[in-house]
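Summary of the model geometry
What follows is the residue order along each chain.
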Amino acid sequence: MDYKKRAGLYLLRKKGNAISIFLLIMVVSTFLIFCFTLLTASEKLASDIRGALGAAFYLRASTGAVSDENGEMTVTENHIRITDNEIKRIQNCGNIAYYNPINYGYAKGELLTKGNPIAFIHGEKHTEDNNMGAVTALRYSALETDFVDEVLALAAGRHITEADTNAVLISSDVAAANGLSVGDKIVLSSSELGEADGEYIDVWSGERKETVVTIVGIYDILEADANVTATAGRQENRIYASIDVLTQLAASEPSVYTGEVGFYVTDPKTLDEIVSKVQQIEEIDWKTHFIRTNDFQYSKISDSLTSLGDLIKILLACVSIVSAAILTLILTLRIRGRIPEAGILLGAGIPKGEIIKQFLLEVLSVAVTAFLFSYAAGFGISHNLGNHLLADFQPNFINAAALQNGMSDAVSIDSYLTLGIGKTLLIYGCQLIVVVLSVLLSSASILKLKPREILTKMS
């Protein structure tokens, strides 16, 4: 009888021993698959966060305090004036993927049918004269603070990008009140909100301009502002427009930005270095300007992912060492318990090599079966527990898709919780090496004896 048949008959006869080895290898393999999947996911997620999330700094107007003759302090905000030339200088300070200048203004609206004004949601002291909305003109509406902070969310259509001209976003409230939808065109006209005799009025003094714009998106308000304000100050009446709209309405100068300008860097680790270089640009008046930074919680996320990765590495090392020691011990005890069988086989003229092959085939057969079960178990546990453990590491990525569709779509952690076939086979290969070495070490102490010595030990 060859060693293959003997191995098969032994496994059928000693089902209990086979099952115990099977369970041990399957549990260890499942845990290793889970840990390596989680480790790989955390490393890839950290890499993607660093490459796609980026960070930002914002050039804004600083504030000052003025004291009157009565000693009362009044806080005033300086006016900034950033041009395209200064923006180019800033972009040369490092790897800046996007910049988002903002201009602010006001506009009244009409449907394409003349004399049919757009009805904005009424605010405090609403009149026909102050029936207007506040306009925020920018290159990327998805990067506007209220959308990033999920105060507002895109409900239909898409966001404004740098390629757009004559494009606007309006609220779902204004759209519903006027029967408007994505793709409709409206007419905006120049206006400016002012106050006189306790009333809100339109104080536009120049030639009133008009421009036809297309509604490319409609947004919902997720966090309502309870403040009582003029019609133009209500959240529902905000109009987000491509950067050219206010220029066409003569409310801003071409290539000049008087609102905040955001710069989005490709690597959060370089944020401080880039800001330091920007602050050395002499063309910018730093008495009236200041920089606010935002790493989109990269530091917190990166530190947490690093700590999680370090913990997993420690667990892997401990489990690998302990499981290898336990497996070697169990196999040694089992094989030493087979001294009579080894003595009989040697006495029957079976070569030692054949006996070792039998012992190896028995354990390897059980191990391969355990690997198959552990792969399925490890996959299920990795996706269930992995989603739970990495749930807090779902940042809003800044990339081309996010700039079109919004920043609120969470990253799918499932896409990270897949261990490649190469790493999976490497894990199983290392375990097989441990199994083979354990069998060889356990068998050596017995098979180096002669049959007579084995019979003597049995007696």
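Residues numbered from 1 in each chain as written. Predicted model: local features only at pLDDT ≥ 70, side-chain atom pairs only at ≥ 80, totals over all residues. Heavy atoms only, no water.

**Observations regarding the overall build of the chain**
- Along the chain, the regular secondary structure elements total 13 helices and 16 strands.
- Classification of the 459 residues of the chain by burial places 44% in the buried group.
- Of the contacts formed within the chain by residues at least 6 apart in sequence, a portion of 81% connects residues at least 24 apart. (Helix = DSSP H or I, 4+ residues; strand = E, 2+ residues; numbered from the N terminus. Buried < 20%, exposed > 50% of the residue type's maximum accessible area, 1.4 Å probe, protein only. Contact = heavy atoms within 4.5 Å.)

**Topic: a negative patch on the surface**
- On the surface, a cluster of negative charge is contributed by Glu-124, Glu-195, Asp-197 and Glu-199.
- By the element assignment, Glu-199 lies in strand S11 (residues 199-202).
- Classification of Glu-199 by relative accessible area gives partly exposed; the value is 37%. (Patch = residues over 30% accessible without salt bridge, like charges linked within 9 Å, V, L, I, M, F, W, Y side chains within 5 Å. Areas by Shrake-Rupley, 256 points an atom, 1.4 Å probe, with all protein chains shown as cover. Salt bridge = Lys/Arg side-chain N within 4 Å of Asp/Glu carboxyl O. Lys, Arg positive; Asp, Glu negative; His and termini not counted. Charge placed at Lys NZ, Arg CZ, Asp CG, Glu CD.)

**Quick look at helix H3 (residues 84-91)**
- Residues of H3 that are buried: Glu-86, Ile-87 and Ile-90. Here the buried residues of H3 occupy an arc of 100° about the axis, which is enough to place them on one side. Of the exposed residues in H3, those oriented more than 90 degrees away from the buried face are Asn-85 and Lys-88.
- Close packing links the buried residues of H3 with strand S1 (55-61), strand S4 (82-83), strand S5 (96-111), strand S14 (256-257), strand S15 (261-265) and helix H7 (271-278). (Arc of directions from axis to C-beta.)

**Remarks on the nonpolar core**
- Core analysis: the largest hydrophobic core is formed by 37 residues, its most contacted members being Ile-25, Ile-312, Leu-316, Leu-327, Leu-331, Val-435 and Val-439.
- Counting only elements with at least two residues in this core, the list comes to helix H2 (15-53), helix H8 (298-336), helix H10 (352-389) and helix H12 (421-447).
- When residues in this core are grouped by element, the largest group, 15 residues, is from H2.
- Those residues in contact with Ile-312 that lie beyond four places of it in its chain are Cys-35, Leu-38 and Leu-39. (Core = buried A, V, L, I, M, F, W, Y, C linked by side-chain atoms within 4.5 Å.)

**Concerning the packing of aromatic side chains**
- Scanning the entire structure with this criterion turns up nine aromatic pairs.
- Relative to Phe-373, the ring of Phe-22 lies with its centre 5.5 Å away and its plane at 85°, an arrangement referred to as edge-to-face. Pair noted here: Phe-22 is in helix H2 and Phe-373 is in helix H10, with a separation of 351 residues, a long-range link.
- You can call Phe-22 buried: its relative accessible area is 17%.
- A ring pair is formed by Tyr-58 and Tyr-264, whose centres lie 6.1 Å apart and whose planes are at 90°; its orientation type is edge-to-face. With a gap of 206 residues between them, Tyr-58 in strand S1 and Tyr-264 in strand S15 connect regions that are remote in the sequence. (Phe/Tyr/Trp six-rings, centres within 6.5 Å; stacked < 30°, edge-to-face > 60°.)

**Some thoughts on the pattern of salt bridges**
- Under the counting rule described, the total for this entry stands at 13 salt bridges.
- Of the charged contacts in the structure, one is a salt bridge between Arg-208 and Asp-202, with a shortest N-O distance of 3.0 Å.
- Glu-207 serves as the salt-bridge partner of Lys-209, at 3.5 Å between the closest nitrogen and oxygen.
- Assessed through its relative accessible area of 59%, Glu-207 is described here as exposed.
- Among the ionic contacts, a cluster of salt bridges with common partners joins Lys-108, Asp-129, Asp-202 and Arg-208.

**A short note on unusual backbone geometry**
- Unlike most non-glycine residues, Lys-125 shows phi in positive territory, near 55°.
- Within the element layout of this structure, Lys-125 appears in the loop between S5 and strand S6 (133-138).
- A relative accessible area of 39% places Lys-125 in the partly exposed class.
- Despite not being glycine, Ala-250 shows a phi value in the positive range, around 60°.
- You can see Ala-250 is positioned in the loop between helix H6 (244-248) and S14.
- Its relative accessible area of 42% is what places Ala-250 among the partly exposed residues.

**Focus on the pairing of S1**
- Here S1 lies mainly inside the structure; six of its seven residues are buried.
- Here S1 pairs with S15 via five bridges, running antiparallel. When the sheet's bridge partners are listed, Ala-56 is paired in S15 with Tyr-264. (Pairing = 2+ DSSP bridges.)

**Description of the environment of Ile-355**
- Here Ile-355 is to be found in helix H10.
- On the basis of relative accessibility, which here comes to 0%, the residue Ile-355 falls in the buried class.
- A sequence separation of 88 residues divides Ile-355 from Ser-443, and the C-alpha atoms of the two residues are 9.1 Å apart.

**Topic: a nonpolar patch on the surface**
- On the surface, Ile-433, Leu-437, Leu-440 and Leu-441 cluster together to form a nonpolar patch covering roughly 390 Å² of accessible area.
- With respect to the element layout, Ile-433 can be found in helix H12.
- Classification of Ile-433 by relative accessible area gives exposed; the value is 51%.

The values reported here are purely geometric and, on their own, carry no functional implication.
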